[in-house]
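Chains, contacts and geometry: an overview
So you can see what is in the structure, the chains are spelled out below.
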Amino acid sequence: MLRSALLAASRSGGVRALIEKAPPTRAVVRRFVAGETTGDALRVTGDLLAGGRLVSLDVLGEDTHDRARADATVEHYAALLGALADAGFGADAEVSLKLTAVGQALDEDMALANARRVCAAAREAGTTVTVDMEDHTLVASTLRVVHALRGEYPDVGAVIQSSLRRAEEYCAELAYEGSRVRLCKGAYAAPAEVAFTGRAEVDASYVRCLKVLMAGQGYPMVATHDPRLVDIASALAVLDDRAADSFEYQMLYGIRPQEQRRLAGQGFRMRVYVAYGTEWYGYFMRRLAERPANLAFFARALAGRS
Ligand SMILES: Cc1cc2nc3c(=O)[nH]c(=O)nc-3n(C[C@H](O)[C@H](O)[C@H](O)COP(=O)(O)OP(=O)(O)OC[C@H]3O[C@@H](n4cnc5c(N)ncnc54)[C@H](O)[C@@H]3O)c2cc1C
């Protein structure tokens, strides 16, 4: 119930205005968002890389219906990738891209053309792009775009949400050599016709998908903070005889940092998803929806007690 309400609020303009204007909000947002500028993002990236973690950077912004804004987002990514190249981070710092930030809601072809520009800038910078998965209505379109991008940029990462009933099938299709696939539970509400709605079902689906990806020829990117799933992935890596550099763990900036350090310290590839920018509202609300305790933390901050 609470999760659905928060996810609905993540798309409500009225609630957005209220939250964005609340004075203590920014301090709370900073727990999950690296900052507002590319300089902030570069500083956080440098610190994480120095500590042995890898990074995927997300320029916040989504659901745009404006061509000029989509274009500005592409320019922002190109500038970021130029700065990453200047810093010499190579593939240790890649980028994550939401197609709705580059025009998917207006026109799939435009989103594809814009995503190609980001991929070209990433190649120039010696790194890669992973295409985030958004709302369930966009899955088919997003997979089409990823497939088209891979024709020219085979290292483009795909994302599969285990909450989708067809997740295992998607994983089987994507478990081929060279295919980078991020597996996550899914951060968006979806109807029971297309998605599992109970936590246990989503987790069981995650394990089935993990088995397919770990046994396959691709490069699985295990995106979860769930300790049981991290353990299962580690066990499957041993069973499937996977080298430590043939898969990676991924977690979000600000969530379970100690566990991130532990995994990196054990020699696993551990990538942190670092979101930054001024358009933090939707991303922030999804983080609140994932964990009721975050809402309490936020409520305390609003009441001036944190
Ligand atoms: C690197 C990365 C990329 C992602 N990309 C996408 C994407 O492209 N599309 C998409 O739909 N979703 C994406 N997600 C979000 C994902 O789908 C889940 O919503 C999110 O990761 C929470 O699920 P979980 O696997 O951590 O398990 P959960 O069962 O939600 O959480 C397990 C434990 O992790 C901790 N935890 C989880 N979330 C939080 C939080 N917000 N705050 C504090 N603690 C928390 C808690 O200790 C919790 O008990 C991504 C997640 C990661 C880590």
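Whatever comes next refers back to the structure up there.
Notes on the structure follow.

Quick notes on the rules
All chains use their own residue numbering, which begins from 1 and follows the written sequence. Where totals are concerned, whole chains, interfaces and linings use all residues; where local detail is concerned, this predicted model gives features only for residues with pLDDT of at least 70, and gives and counts side-chain atom pairs only at 80 or more. Derived side-chain values reflect all non-hydrogen atoms in the structure, with water molecules and hydrogen atoms excluded from consideration. Both cavities and pockets are sets of points on a 1 Å grid over the protein atoms alone; in a cavity a 1.4 Å probe fits but cannot get out, in a pocket the set is open with protein on both sides within 12 Å along at least five of seven lines, and lining residues sit with an atom within 4 Å of a point. Grid points are joined across faces, edges and corners, and a volume is the space filled by probe spheres set on the points. Every helix listed is a DSSP run of H or I at least four residues long, and every strand listed is a run of E at least two residues long, numbered separately from the N terminus. Residue classes follow a fixed rule: Ala, Val, Leu, Ile, Met, Phe, Trp, Tyr, Cys and Pro count as nonpolar, while Asp, Glu, Lys and Arg count as charged, and any other residue, Gly among them, counts as polar. In these notes, residues near a molecule or strand are those with any non-hydrogen atom within 4 Å of it. Contacts described as polar in this section are N or O atom pairs within 3.5 Å, which, within protein, must combine one atom able to donate a hydrogen with one able to accept it, while residues neighboring in sequence count only if both atoms come from side chains. Computed with a 1.4 Å probe, the accessible areas rest on the Shrake-Rupley method; for each residue, only the protein chains presented here act as cover. Assignment of a molecule to a cavity or pocket requires that more than half of its atoms lie within 2 Å of the corresponding grid points. For two strands to be treated as a pair, DSSP must find at least two bridges joining them. Axis definition: a line fitted to C-alpha atoms, over the contacting stretch in the case of helices. Angles run 0 to 180 degrees between N-to-C directions. The criterion used for residue contact is that any of the two residues' heavy atoms lie within 4.5 Å.

So, about the layout of surface pockets. The space that makes up the largest pocket amounts to roughly 1300 Å³. Considering the residues around the largest pocket, the lining is formed by 47 residues, among which Lys-185, Gly-186, Ala-187, Arg-287 and Glu-290 are closest to the centre. Where the lining of the largest pocket is concerned, the elements lending two or more residues are α1 (2–9), β4 (158–161), β5 (180–184), α9 (199–215), β7 (248–252), α12 (281–290) and α13 (292–302). A breakdown of the residues in the lining of the largest pocket according to their chemical character gives 23 nonpolar, 10 polar and 14 charged. Size it by volume and the second largest pocket reaches roughly 340 Å³. What lines the second largest pocket is a set of 19 residues, among which Ser-10, Arg-11, Glu-62, Asp-63 and Gly-282 lie closest to the centre. Of all the secondary-structure elements, those providing two or more residues to the lining of the second largest pocket are α2 (13–21) and α12.

With that settled, the discussion passes to the site of the ligand. Near the ligand you find 25 residues, and of these Lys-185, Gly-186, Thr-224, Glu-290 and Asn-294 are the closest. Gly-186 places a polar main-chain atom, nitrogen or oxygen, 2.6 Å from an oxygen atom of the ligand. For the ligand, an oxygen atom lies 2.7 Å from a polar atom in the side chain of His-225. Relative to its free-state accessible area of 920 Å², the ligand is covered by the protein chains to the extent of 88%. Here the ligand is seated within the largest pocket. Counting only elements with at least two residues in the shell around the ligand, the list comes to β4, β5, β7 and α12.

Further remarks concern the sheet that holds β5. The 8 strands are arranged β3-β2-β1-β8-β7-β6-β5-β4 in an open sheet whose pairing can be described as parallel. What marks the edges here is a single partner per strand, and that holds for β3 (129–131) and β4. Shown here is a sheet whose adjacent strand axes are inclined to one another by a mean of 30°, direction ignored. Bridge count for strand β1 (residues 54–59) against strand β2 (residues 93–97) is 4 bridges, and the pairing is parallel. Paired with Ser-56 across the bridge in β2 is Glu-94. Running at roughly 155° to β4, helix α8 (residues 167–174) makes contact with β4 and β5 of the sheet. Most of the contacts of helix α11 (residues 257–265) go to β7, to which it runs at about 165°, and overall it touches β7 and β8 (270–276).

Fair warning: the whole summary comes from geometry, so function is off the table for now.
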